[in-house]
Amino acid sequence: MKNILLVEDDPEIAKLLNLHFDVSSFNLTICSHGKEAIEKFFTSEFHLVILDITLPDVSGMEVCKILRKKDTTTPILMLTCHGDEVDKVLALELGADDYVTKPFGVLELIARVKALFRRSGQNNVSPLPESKEIFFKNIVIDTDKRKASVKGKRLDLTPKEFELLLLLASHPGKTFSRQELLERVWGYVFSGY
């Protein structure tokens, strides 16, 4: 589970994001002030920061600058109503990795968060092995030909069944949540219950 620090002074937005990120299997820590965010960031482990610019005490730009001085790897996503090009450029130059303006779509925001995790190398699952064949117990999976067999007998699989088998065989012993399977095999985010 990924730990995300949300720095947002609007309680309605914080509540909305907490609901959606909880469904998406993220652990969200919420604070509404810049000084509090800085303190939490340096006393806990976070995989990503979602940061508003307009905060009651310290500007989100200043928070971004302080975080970047000591941590150059944790992704920072600015989520703000400031849509001017100057603000976007300044935030990116101070070290932000992405910039989303309000109003925003929650599914797009979650997709951007996942993209930041991919780009920063924080995926939960290691990449597929280099081998073109995967052997797991009595199963042989040929990744190039997209064929699988058990004890030499070929399996008749749909494309999605093959992808699912390949994912599971490539990571023996790993447990995948329903959400992870939907994202990795079916390629979409499901926000239902």
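See the structure printed just above.
These numbers were taken from a predicted model, which means no experiment stands behind them.

Engineer: Sorry if this is basic, but what is going on with the sheet that holds strand 8 (residues 147–150) here?
Structural biologist: Backbone hydrogen bonds are what pair the strands of a sheet, in a parallel or an antiparallel way. One open sheet holds the four strands; their spatial order is 6-7-8-9, and the pairing between them is antiparallel. Each having just a single partner strand, strand 6 (133–136) and strand 9 (153–154) make up the two edges of the open sheet. Of the strand pairs in this sheet, strand 8 and strand 9 are connected by two bridges, and their pairing is antiparallel. Residue pairing for strand 9: valine 150 is matched across the bridge by lysine 153. Across the sheet, helix 6 (residues 159–170) lies against strand 6, strand 7 (139–142) and strand 8, angled at about 115° from strand 7, the strand it touches most.

Engineer: What is the right way to look at the side chain of serine 170 in this model?
Structural biologist: Turning to its location among the elements, serine 170 is positioned in helix 6. Overall, serine 170 belongs to the buried group, its relative accessible area being 14%.

Engineer: Just to check I follow, could you spell out the packing of aromatic side chains for this structure?
Structural biologist: One pass over the structure, following the stated rule, counts three aromatic pairs. Judged by centre distance (5.1 Å) and plane angle (85°), the ring pair of phenylalanine 41 and phenylalanine 42 falls under edge-to-face. An aromatic cluster is present here, built from Phe21, Phe26 and Phe117 joined pairwise through their rings. Lying over the aromatic face of phenylalanine 117, lysine 2 brings its terminal NZ or CZ to 5.3 Å of the ring centre.

Engineer: Please clarify how the nonpolar core should be interpreted in this entry.
Structural biologist: A general trend in soluble globular proteins is that nonpolar side chains are found buried together. Core analysis: the biggest nonpolar cluster contains 21 residues, and Leu5, Val7, Val49, Leu51, Val63, Ile76 and Met78 have the highest contact counts within it. If you list the elements that add at least two residues to this core, you get strand 1 (2–7), helix 2 (34–43), strand 3 (48–51), helix 3 (60–70) and strand 4 (76–80). The element best represented in this core is helix 3, accounting for four residues. Here leucine 51 is in contact with Val7, Gly60, Val63, Cys64, Ile76, Leu77, Met78 and Leu79, once residues within four sequence places are set aside. In terms of nonpolar packing, the next biggest core, distinct from the first, is built from 19 residues, Phe26, Leu77, Leu109 and Phe117 among them.

Engineer: Would you mind going over unusual backbone geometry with me for this structure?
Structural biologist: Excluding glycine, most residues fall at negative phi; most peptide bonds, likewise, are trans. A cis amide bond links lysine 102 with the next residue in sequence, proline 103, at an omega value of -5°. Assignment of secondary structure puts proline 103 in the loop between strand 5 (98–101) and helix 5 (106–119). Even without being glycine, arginine 146 reaches a positive phi, approximately 55°. Structurally, arginine 146 is set in the loop between strand 7 and strand 8. According to the relative accessible area criterion, arginine 146 is partly exposed, its value standing at 40%.

What counts, and at which threshold
- Residues numbered from 1 in each chain as written.
- Predicted model: local features only at pLDDT ≥ 70, side-chain atom pairs only at ≥ 80, totals over all residues.
- Heavy atoms only, no water.
- Pairing = 2+ DSSP bridges.
- Helix = DSSP H or I, 4+ residues; strand = E, 2+ residues; numbered from the N terminus.
- Contact = heavy atoms within 4.5 Å.
- Axes fitted to C-alpha atoms, helices over the stretch in contact; angles between N-to-C directions.
- Buried < 20%, exposed > 50% of the residue type's maximum accessible area, 1.4 Å probe, protein only.
- Phe/Tyr/Trp six-rings, centres within 6.5 Å; stacked < 30°, edge-to-face > 60°.
- Lys NZ or Arg CZ within 6 Å of the ring centre and 35° of its normal.
- Core = buried A, V, L, I, M, F, W, Y, C linked by side-chain atoms within 4.5 Å.

What is shown is where atoms sit, not what they do.
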